Amino acid sequence: ENLVINFYTNRDCYIKVYHIDVNRKLSLIFPNPYYSDNFIKAERIYKIPDPRYPFSFTLEGPYGTEFIKVAASTVQFDDIEEAFSELGTASEELVSRGLAIKQTESLTAEAMFSYTILE
């Protein structure tokens, strides 16, 4: 099976998408070397990947609950981690905190959802 992430934003922004696996290993999955444009237009529904993207996300073992976390900013991120490399272990706080919005010079937001892979 393939995973497709559907989302929209209410403002033009830049996004980063993280994957947290069943062992809480955190990695950046978008942008990546296959598609690096992370600019998103407001009020449009996006799918990552969509048919024009030259990659797919395939669900496979180990089985259990995993998380996808999306971070958005109205200005391009200063730091974009290396895609698909292990960035460490996600903390309980990161996995359980859900949506957060912080007012600064730029607007930022985060959202996360979980899914379970069954045999």
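The coordinates are above.
Residues numbered from 1 in each chain as written. Predicted model: local features only at pLDDT ≥ 70, side-chain atom pairs only at ≥ 80, totals over all residues. Heavy atoms only, no water.

A few points about the environment of R44
Then, number 1: Of note, R44 is situated in the loop between β5 (39-40) and β6 (46-48).
Then, number 2: Taking the relative accessible area as the measure of exposure, R44 reaches 44% and is therefore partly exposed.
Then, number 3: Non-local contacts of R44, meaning those with residues more than four positions away in its chain, are made with F7, Y8 and T9.
Then, number 4: Here Y46 takes part through its side chain, which lies 3.5 Å from a polar atom of the side chain of R44. (Helix = DSSP H or I, 4+ residues; strand = E, 2+ residues; numbered from the N terminus. Buried < 20%, exposed > 50% of the residue type's maximum accessible area, 1.4 Å probe, protein only. Contact = heavy atoms within 4.5 Å. Polar contact = N/O pair within 3.5 Å; in protein donor to acceptor, adjacent residues only side chain to side chain.)

Digging into the environment of T89
Then, number 1: Positionally, T89 belongs in strand β9 (residues 86-89).
Then, number 2: Given a relative accessible area of 59%, T89 falls into the exposed group.
Then, number 3: Sequence spacing of T89 and I20 is 69 residues, and the spatial spacing of their C-alpha atoms is 8.3 Å.
Then, number 4: Those residues in contact with T89, other than ones at most four positions away along the chain, are N23 and R24.

Structural notes on the packing of aromatic side chains
The relative placement of two aromatic rings is captured by the distance of their centres and the angle of their planes.
Then, number 1: Summed over the entire model, instances satisfying the criterion amount to 9 aromatic pairs.
Then, number 2: Between the aromatic rings of F30 and Y35, the centroid separation amounts to 6.2 Å while the plane-to-plane angle is 20°, which identifies the pairing as stacked.
Then, number 3: Seen from the ring of F77, K16 lies directly overhead, with NZ or CZ sitting 4.6 Å from the centre. (Phe/Tyr/Trp six-rings, centres within 6.5 Å; stacked < 30°, edge-to-face > 60°. Lys NZ or Arg CZ within 6 Å of the ring centre and 35° of its normal.)

So, the nonpolar core
Then, number 1: Membership of the largest hydrophobic core comes to 20 residues, with the highest contact counts inside it found for I5, I15, V17, F30, I48 and I68.
Then, number 2: Elements that contribute at least two residues to this core include exactly β2 (5-7), β3 (13-20), β4 (25-30), β6, β8 (64-73) and β11 (107-117).
Then, number 3: Among the nonpolar cores identified, the runner-up in size contains 7 residues, and I20, L26, L28 and A90 belong to it. (Core = buried A, V, L, I, M, F, W, Y, C linked by side-chain atoms within 4.5 Å.)

Considering the layout of surface pockets
Then, number 1: Here the second largest pocket is characterised by a volume of approximately 290 Å³.
Then, number 2: Along the wall of the second largest pocket there are 14 residues; nearest its centre are H19, F57, T58, E66 and Y115.
Then, number 3: Of all the elements in the fold, those that place two or more residues in the lining of the second largest pocket are β4, β7 (57-58) and β11.
Then, number 4: Here the residues of the lining of the second largest pocket sort into 8 nonpolar, 4 polar and 2 charged. (1 Å grid on protein atoms, 1.4 Å probe; cavity = no way out; pocket = protein on both sides within 12 Å on 5 of 7 lines; lining within 4 Å. Points joined across faces, edges and corners; volume = space filled by probe spheres on them. Nonpolar A, V, L, I, M, F, W, Y, C, P; charged D, E, K, R; others polar.)

Notes on the environment of K47
Then, number 1: Along the chain, K47 falls in strand β6.
Then, number 2: Taking the relative accessible area as the measure of exposure, K47 reaches 44% and is therefore partly exposed.
Then, number 3: C-alpha of K47 to C-alpha of V4: the two residues are 43 residues apart in sequence and 6.3 Å apart in space.
Then, number 4: Those residues in contact with K47 that sit more than four places away from it in its chain are V4, I5, N6 and Y53.

With respect to the pairing of β3
Then, number 1: In terms of burial, β3 is a largely internal element, 7 of the 8 residues being buried.
Then, number 2: Where β3 meets β5, 2 bridges bridge the pair, whose relative direction is antiparallel. Residue C13 lies in a different strand from β5, and its bridge partner there is I40.
Then, number 3: Pairing of β3 with β8, which is carried by 7 bridges, proceeds in the antiparallel orientation. Its bridge partner lying in β8, V17 is registered against V70.
Then, number 4: Sheet analysis places β3 next to β4, joined by 4 bridges and oriented antiparallel. For Y18, the partnering residue across the bridge sits in β4 and is L28. (Pairing = 2+ DSSP bridges.)

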